Amino acid sequence: QVQLLESGGGLVQAGGSLRLSCAASGRTFNNYAMGWFRQSPGKEREFVSAISTRGRITYYADSVKGRFTISRDNAKNTVYLQMNSLKPEDTAVYYCARSKIPAATMTSGDFDSWGQGTQVTVSS
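Notes on the structure in this doc start here. (Residues numbered from 1 in each chain as written. Predicted model: local features only at pLDDT ≥ 70, side-chain atom pairs only at ≥ 80, totals over all residues. Heavy atoms only, no water.)

**Here's the deal with the environment of Ala103**
1) Next: Along the chain, the position of Ala103 falls in the loop between strand E9 (92-99) and strand E10 (111-114).
2) Next: You can call Ala103 partly exposed: its relative accessible area is 41%.
3) Next: As a C-alpha pair, Ala103 and Thr58 span 45 residues in sequence and 9.8 Å in three-dimensional space. (Helix = DSSP H or I, 4+ residues; strand = E, 2+ residues; numbered from the N terminus. Buried < 20%, exposed > 50% of the residue type's maximum accessible area, 1.4 Å probe, protein only.)

Listed below in structure tokens is the structure:
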């Protein structure tokens, strides 16, 4: 079972930036697409971004397109989420997830391993 450990969350003012990291255990990191999801209090978990095994294909939720960038370093077994121009509505717990399949996907049901989450709070 893969273990995913997120880091990089915190408190930031609106307009600021944060970079989330997700380190994965195991030797098969580069065989799987990876993704980021988020969940705010009282809301369902929602898709944020996903990346294919080699990073050639990426997907973004409309709400973060143009502000967030997903990337991965397969040599370090790590996926990143660069978040710029943060808004108060970006406040949530952000979760890293590993897909069951190599192709990038936006469907939460395609992900079978999840991290514990990291809190991102954007103040106005």
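**With respect to the pairing of strand E7 (residues 68-73)**
Walk down a regular strand and you will see the side chains alternate between the two sheet faces.
1) Next: Residues Phe68, Ile70 and Arg72 of E7 are buried on one face, while the alternating residues Thr69, Ser71 and Asp73, pointing to the opposite face, are not.
2) Next: Judged from the 6 bridges that link them, E7 and strand E8 (residues 78-83) form a sheet pairing that is antiparallel. Following the sheet pairing, Arg72 is matched in E8 by Val79.
3) Next: Between E7 and E8, which pair antiparallel and follow one another directly, the connecting turn spans 4 residues, one of which, Asn77, has a positive phi of 55 degrees. (Pairing = 2+ DSSP bridges.)

**Some details on the pattern of salt bridges**
1) Next: As enumerated under the stated definition, the model contains 4 salt bridges in all.
2) Next: Arg38 is the partner of Asp90 in a salt bridge, and the nearest nitrogen-oxygen pair spans 2.9 Å. Of this pair, Asp90 sits in the loop between E8 and E9 while Arg38 sits in strand E4 (residues 34-39), and the two are 52 residues apart along the sequence. In this pair, the class of Asp90 matches that of Arg38, namely buried. (Salt bridge = Lys/Arg side-chain N within 4 Å of Asp/Glu carboxyl O.)

**Some words on the pairing of E4**
1) Next: With respect to burial, E4 is a largely interior element, 5 of its 6 residues being buried.
2) Next: Alignment of E4 against strand E5 (residues 46-51), held across 5 bridges, turns out to be antiparallel. Note on E5: the bridge partner recorded for Phe37 is Phe47.
3) Next: Linking E4 to E5, which pair antiparallel, is a turn of 6 residues; within it Gly42 sits at a positive phi near 80 degrees.
4) Next: Here E4 pairs with E9 via 6 bridges, running antiparallel. From the neighbouring strand, Gly35 faces E9, where its bridge partner is Ala97.

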